[in-house]
Amino acid sequence: MLQPINEVALDGYDISTTGFQTNYFCVYDTELLGIEVIVQQGVLPTGYFTLEISNELYFPVNFSQFVGECVYIDDNSLIVWDLSNISYNWVRLNYTRTSGTGNCIVIFNKKVRY
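What this report covers is the structure whose coordinates are included nearby. None of the values given here were measured: they were computed from a predicted structure. (Residues numbered from 1 in each chain as written. Predicted model: local features only at pLDDT ≥ 70, side-chain atom pairs only at ≥ 80, totals over all residues. Heavy atoms only, no water.)

**Focus: the overall build of the protein**
Move 1: When helices and strands are counted, the protein shows 0 helices and 7 strands.
Move 2: Beginning at the N terminus, the succession of helices and strands in the protein can be written as β-β-β-β-β-β-β.
Move 3: Against the compact-globule benchmark of 13 Å for 114 residues, the protein has a radius of gyration of 14 Å, which places it among compact chains.
Move 4: Counting only C-alpha atoms, the protein reaches 45 × 30 × 20 Å along its principal axes.
Move 5: Put simply, 83% of the contacts in the protein that link residues at least 6 apart link residues at least 24 apart.
Move 6: When the accessible surface of the protein is split by element, carbon and sulfur atoms take 51% of a total near 6400 Å².
Move 7: Once the 5 positive and 12 negative side-chain charges of the protein are each reduced to a mean point, those two points are 5 Å apart. (Helix = DSSP H or I, 4+ residues; strand = E, 2+ residues; numbered from the N terminus. Rg over C-alpha atoms; globule rule 2.2 N^0.38 Å. Contact = heavy atoms within 4.5 Å. Areas by Shrake-Rupley, 256 points an atom, 1.4 Å probe, with all protein chains shown as cover. Lys, Arg positive; Asp, Glu negative; His and termini not counted. Charge placed at Lys NZ, Arg CZ, Asp CG, Glu CD.)

Okay, structure coming up:
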């Protein structure tokens, strides 16, 4: 049986002036991972999101971009990543701002077997 675990990594974060990185999220025991990004209340927010991974065992420091997981936004957006067969220990989301204004919500949802 799979048990869902949700974590709101950011709630209403202002992306008008700078980019961000979420805190890292442990996925070593995860079978399925969903990441939802909601960009709203903006005036032409532009930038890009990248999913970063690490296989360090404890308190990761070094992250690499997950190949093929870069999403460019140019308006209010809803982005969803749906990952399975996860073989790494940690994930985080990185946002690089280009221009515009808006707020961002990031939600991690994982399914673990128990």
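The discussion continues.
**Observations concerning the nonpolar core**
Move 1: Residues Val37, Phe49, Val91 and Val106 are the most contacted members of the largest nonpolar core, which totals 24 residues.
Move 2: At the level of secondary structure, the elements contributing two or more residues to this core comprise strand 4 (30-54), strand 6 (77-84) and strand 7 (90-113).
Move 3: Considering each element in turn, this core owes the most residues, 7 residues, to strand 4. (Core = buried A, V, L, I, M, F, W, Y, C linked by side-chain atoms within 4.5 Å. Buried < 20%, exposed > 50% of the residue type's maximum accessible area, 1.4 Å probe, protein only.)

**Looking at the pattern of salt bridges**
Move 1: Considering all chains together, one arrives at 2 salt bridges under this definition.
Move 2: Notably, a salt bridge pairs aspartate 29 with lysine 110, separated by 3.3 Å at the nearest N-O pair. One end of the pair, aspartate 29, is in the loop between strand 3 (25-26) and strand 4; the other, lysine 110, is in strand 7, and 81 residues separate them in sequence.
Move 3: Owing to a relative accessible area of 8%, lysine 110 belongs among the buried residues under this scheme.
Move 4: Between glutamate 52 and arginine 92 there is a salt bridge, with the nearest N and O atoms lying 2.6 Å from each other. One end of the pair, glutamate 52, is in strand 4; the other, arginine 92, is in strand 7, with 40 residues separating them in the sequence. The exposure classification of glutamate 52 matches that of arginine 92, with both residues buried. (Salt bridge = Lys/Arg side-chain N within 4 Å of Asp/Glu carboxyl O.)

**Looking at the state of the cysteines**
Each disulfide consists of one covalent bond between the sulfur atoms belonging to two cysteines.
Move 1: A complete count under the given rule lists 0 disulfides for this structure.
Move 2: Residue cysteine 70 stays outside any disulfide, its sulfur separated by 14 Å from that of cysteine 104, the closest cysteine.
Move 3: Under the relative-accessibility criterion, cysteine 70 is labelled partly exposed at 41%.
Move 4: On the basis of relative accessibility, which here comes to 0%, the residue cysteine 104 falls in the buried class. (Disulfide = S-S within 2.5 Å.)

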